[in-house]
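Residues per chain are reported as follows:
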Amino acid sequence: VQLQASGGGLVQAGGALRLSCGASGTTLRRYPMGWFRQAPGMQREWVATISLGGSTSYLDSVKGRFTISRDNAKNTVYLQMNSLKPEDTAVYYCNAKWGKTWLDAWGQGTQVTVSS
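These figures come from a predicted structure and were not determined experimentally.

Rules and cut-offs
Residues numbered from 1 in each chain as written. Predicted model: local features only at pLDDT ≥ 70, side-chain atom pairs only at ≥ 80, totals over all residues. Heavy atoms only, no water. Salt bridge = Lys/Arg side-chain N within 4 Å of Asp/Glu carboxyl O. Buried < 20%, exposed > 50% of the residue type's maximum accessible area, 1.4 Å probe, protein only. Disulfide = S-S within 2.5 Å. Helix = DSSP H or I, 4+ residues; strand = E, 2+ residues; numbered from the N terminus. Phe/Tyr/Trp six-rings, centres within 6.5 Å; stacked < 30°, edge-to-face > 60°. Core = buried A, V, L, I, M, F, W, Y, C linked by side-chain atoms within 4.5 Å. Contact = heavy atoms within 4.5 Å.

Draft legend 1. View of the pattern of salt bridges. Overall, the coordinates contain 4 salt bridges when judged by the stated rule. Note that arginine 37 and glutamate 45 form a salt bridge whose closest N and O atoms lie 2.7 Å from each other. Looking at arginine 37, the relative accessible area reads 6%, which means it is buried. A residue is classified by how much of its surface remains accessible, and glutamate 45, at 32% relative accessible area, is partly exposed.

What follows is the structure in structure tokens.
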């Protein structure tokens, strides 16, 4: 499985970005999908998950601001990020879950930088 996150960029606080996660060699609708992020000097942290049935869960600090969704026809998973804060600055990664384990398929991620 090869996953590729895209859509990052530089945005002012309060702005919005939509990240996309695409895949080659696999069909994402087979997997629960998640978004993660890693800020400089910090551990990678989980941000959001969407199940096969479309149920979602979020890190408390992004609830109400971020929305994870999937478009199975386009084989793409999205992360809509609104009301961005400087503390959201990080490299964002998507990943797929097989059973109880996230795959070793992090890809290069996409940089999100939020200026104050």
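Draft legend 2. Layout of the state of the cysteines. The final tally for this structure, using the stated rule, is 1 disulfide. Through a disulfide, cysteine 21 is tied to cysteine 94; the S-S separation comes to 2.1 Å. The chirality of the disulfide connecting cysteine 21 with cysteine 94 is right-handed, given an S-S dihedral of about 70 degrees. Remark: cysteine 94 occurs in strand S9 (residues 90–98) and cysteine 21 occurs in strand S3 (residues 17–24); sequence separation between them is 73 residues. The exposure classification of cysteine 21 matches that of cysteine 94, with both residues buried.

Draft legend 3. Layout of the packing of aromatic side chains. Evaluation of the coordinates by the stated rule reveals 4 aromatic pairs. When the centroid spacing of 4.9 Å and the interplanar angle of 85 degrees are considered together, the rings of phenylalanine 36 and tryptophan 102 count as edge-to-face. Taken together, the residues phenylalanine 36 in strand S4 (residues 33–38) and tryptophan 102 in strand S10 (residues 101–102) connect sequence positions 66 residues apart. Look at tyrosine 93 and tryptophan 106: their rings are 6.3 Å apart centre to centre, the planes differ by 85 degrees, and that puts the pair in the edge-to-face class. Taken as a pair, tyrosine 93 in strand S9 and tryptophan 106 in the loop between S10 and strand S11 (110–115) lie far apart in primary sequence, 13 residues in all.

Draft legend 4. Examining the nonpolar core more closely. Core analysis: the biggest nonpolar cluster contains 29 residues, and Met33, Trp35, Leu79, Met81 and Tyr92 have the highest contact counts within it. If you list the elements that add at least two residues to this core, you get strand S1 (2–6), S3, S4, strand S5 (45–50), strand S7 (66–71), strand S8 (76–81), S9 and S11. Considering every element that reaches this core, the biggest residue donor is S9, with 4 residues. Not counting the four nearest positions on each side in its chain, leucine 79 is found in contact with Leu17, Arg18, Leu19, Trp35, Val47, Ala48, Phe66, Thr67, Ile68 and Tyr92.

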